[in-house]
Amino acid sequence: MIIPDPSEEGQVRIFLNKLAEEDLYMPLWTRELFLLMDKDSGKHKNKHLLGYFFHHNVQAHITKANALFEKGQFEEAIDFYKAALKTYPQNPEARYNISVCWSRIGNHEIKNNCMAAEAAFTMALEYNPKNIDALNRLSMIYAVNDDFKSVEKISRRLLELLDTEDFNRDSSLRLIKNASIDEMRTISQGNLGMALVYQYSSQKGIGSLEEAIGHLESAKKAQSDSPNHDLNLSLAYLGVENLENAIECTNSYFDNPKTANSVLAIRLINDYLHYAINNHLTAEKKPELGSVFSRMIEVITGFSDDTIANKDGAVVDLTTATIYLARIGIKNLADQLGEHLLEICRSKQHQDLYFACYERAIVLYDSKRHEEALILLEEILSNDKNTNYNIYSEFTGDSSPLKANAMNLMSQIRKKIAERDKDETQMEQAIELVEQAIEEYPETAILHYSRGNLLETRNKTESSDLTRAANSYKIAIEKCPEFMIAHLALIDAYRQLNKQGKMQKAIERAKAELTIVLDEPDQAEYLIATDFIEELIKLYIKSKDMTLYKMIQLCRKKGPQDGLRSALDNIPDLPIELLNIQADLN
């Protein structure tokens, strides 16, 4: 298309009308046209018309980019957004949309573009604090960066503005791109509900899930085809322990044809597992858990290998999920997902391969498939690459090097094989292995605990072994004072050695540490989910020590009730005082 002579108003009008009618745009804002906009150029006759062209040109690039974005052609869309930025470098819409494209592709440039977009929209609000579009875009930027406190603040501000008389009276405030007032209200309600859900989840109780459910249900009613409302409602209902509604929303989420995001599927599976573990639910207690997890894993395994491999943290999250799936009795899905992830890691030479091997070995160990687990652990120990980054220790809650955990698990497997086959050689190899691990990682508490456990198991009649075991438990506690299972092991070792004075001191210290641990919600939740409560009850039954009974009462007072109830149900022949607690809990 030929650009008209700017001095001929008629030609300019015809040109712009054709541009508008056919929704055409110029590839670039040419230097000649840009100079005509310059106040020093002296050519101002049609400046207002050229100004219209200028903005139409920018918006046309963005419109074309948006169409490509809707088709999932993110890289092509970025090219058109960048063309718009060549014309108008400060354009906040283009900068924001580029950041969203990068987030879908999975690229580090998202951070830089988000910062630029945030600055642009913040500047727009300085000119007009009631700029609804700028507020909405800022809310989206904060959501991308997991700043849900800011999302909550802006969403509340938006809802306040949308309901004010001033807003309804002043047409200049209703300049919302591609959305009516009612649509914007629905978007804001959904964002507010999402922000409350994720603040509650990440900050352990900050925010109201009941309020979140109210906003999300309203948003879902007004915008029934949006899968995100079902996703967030599912998480909110889990938080208020309404599993039936949570599963209903999850099924609705996966039924929606718009649902195609593996990251959200991963988030869902982890939240459901967290809920199931904390509430001591199993597939036997809640059969519907199996069906909902089957659906989630079907979605996840249906994605391309690149989708999972290229998303930061996805492999780690999913390999951890396999352990919890196995522990709530859904072993077939744990196997399916675990093998799928190992295949992805090997084919992509993924950096988390050895972590995936370790987590898979834990599932195999729990399933008594010891020889298969050993093969994976040997693979970890035969490679130096990526074996020193820290992972969450199952027993202590502390982070330990992956290699140290692998050596420890291998020693435990050799112990099990020794007991199964009555093979003393395997037991000696287990002790030797854990001793070697302690030489490499002397500060790792779990290794000292395992050495004590192995020594105690090797020959319970030998007081020398028991004494060495007690010393190992003491070192583990010195390295990690909140290591409560080690406290119980030390108490029991002193009981067997008949050292009443040392036993009482160990019990008092354990009680003091337990009080501290139970005052921290995260640690209390983690502790009750382990075997600690059951071991504490067994130790009390053996020793009849009243301080241990007080520790049980302390757990009843401050810890999750389901953990204590489940432990009491698993132990036969309870004494009368524990039967009374069991009756009260039931």
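Residues numbered from 1 in each chain as written. Predicted model: local features only at pLDDT ≥ 70, side-chain atom pairs only at ≥ 80, totals over all residues. Heavy atoms only, no water.

(A) Spatial organisation of the environment of Asp182. Within the secondary structure, Asp182 is located in helix α10 (residues 181-203). Residues Asp182 and Leu162, spaced 20 residues apart in sequence, show a C-alpha to C-alpha distance of 8.6 Å. (Helix = DSSP H or I, 4+ residues; strand = E, 2+ residues; numbered from the N terminus.)

(B) Geometry of the confidence of the model for the protein chain. Residues at a pLDDT of 70 or more form 76% of the protein chain, whose mean pLDDT is 80. Taken together, the stretch residues 23-31 has pLDDT below 50 and engages in 29 contacts with residues farther than four places along the chain or on a different chain. Counted against residues more than four places away or in other chains, residues 36-45, with its pLDDT under 50, gives 13 contacts. (pLDDT = per-residue confidence, 0-100. Contact = heavy atoms within 4.5 Å.)

(C) Summary view of the packing of helix α28 (residues 532-543) against helix α30 (residues 561-570). As a packed pair, α28 and α30 sit with axes 9 Å apart at the nearest point and diverge in direction by 50°. Comparing the axis directions of α28 and α30 gives the class oblique. When you trace α28 past α30, the crossing you get is right-handed. On the side of α28, the interface is formed by Ile533, Glu534 and Ile537, while α30 contributes Gly563, Leu564, Ala567, Leu568 and Asn570. Tallied by class, residues from the contact of α28 with α30 come to five nonpolar, two polar and one charged. (Axes fitted to C-alpha atoms, helices over the stretch in contact; angles between N-to-C directions. Parallel < 35°, antiparallel > 145°, perpendicular 65-115°, else oblique. Left-handed = near helix turned anticlockwise from the far one by under 90°. Nonpolar A, V, L, I, M, F, W, Y, C, P; charged D, E, K, R; others polar.)

(D) Local environment of helix α29 (residues 546-558). Relative to the 18 Å expected for 13 residues at 1.5 Å per residue, α29 spans 18 Å between its end C-alpha atoms, a close match to the ideal helical length. Within α29 the residues assigned to the buried category are Thr547, Leu548, Tyr549, Met551, Ile552, Leu554 and Cys555. For α29, the elements touching its buried residues are α25 (484-496), α26 (500-518), α28, α30 and α31 (576-585). (Expected span 1.5 Å × (residues − 1). Buried < 20%, exposed > 50% of the residue type's maximum accessible area, 1.4 Å probe, protein only.)

(E) Up close: the side chain of His340. Considering the arrangement of structural elements, one finds His340 in helix α18 (residues 331-348). The contact partners of His340, leaving out residues within four places of it in the chain, are Thr301 and Asp305.

(F) Quick peek at a positive patch on the surface. On the surface, Lys474, Lys499, Lys502 and Lys505 cluster together to form a positively charged patch. Along the chain, the position of Lys499 falls in the loop between α25 and α26. (Patch = residues over 30% accessible without salt bridge, like charges linked within 9 Å, V, L, I, M, F, W, Y side chains within 5 Å. Areas by Shrake-Rupley, 256 points an atom, 1.4 Å probe, with all protein chains shown as cover. Salt bridge = Lys/Arg side-chain N within 4 Å of Asp/Glu carboxyl O. Lys, Arg positive; Asp, Glu negative; His and termini not counted. Charge placed at Lys NZ, Arg CZ, Asp CG, Glu CD.)

(G) Local environment of the side chain of Thr319. Structurally, Thr319 can be placed in helix α17 (residues 314-327). For Thr319, a relative accessible area of 4% corresponds to the buried category. Discounting chain neighbours no more than four positions away, the residues touching Thr319 are Leu341, Phe355, Ala356 and Glu359.

(H) Focus on the nonpolar core. Ranked by size, the top nonpolar core spans 154 residues in total, and within it Tyr272, Phe293, Leu325, Phe532 and Ile537 carry the most contacts. In terms of residues, this core owes the most to one element, helix α19 (residues 353-366), which gives eleven residues. Look past the residues within four positions of Leu325 in its chain and what remains in contact with it is Ile269, Leu273, Phe293, Ile297, Ile330, Lys331, Leu333, Ala334 and Leu337. Grouped together as the second largest cluster of nonpolar side chains are 14 residues, Val58, Leu68, Phe74 and Ala84 included. (Core = buried A, V, L, I, M, F, W, Y, C linked by side-chain atoms within 4.5 Å.)

(I) Quick peek at the pattern of salt bridges. Within the structure shown, the criterion is met by 27 salt bridges. A salt bridge links Arg369 to Asp335; the shortest N-O distance between them is 3.2 Å. Of this pair, Arg369 sits in the loop between α19 and α20 (370-381) while Asp335 is found in helix α18, placing the two residues 34 residues apart along the sequence. Given the relative accessible area of 23%, Asp335 is considered partly exposed. Taken together, the shared-partner salt bridges in this structure form one network comprising Asp335, Glu339, Arg360, Arg369 and Glu372.

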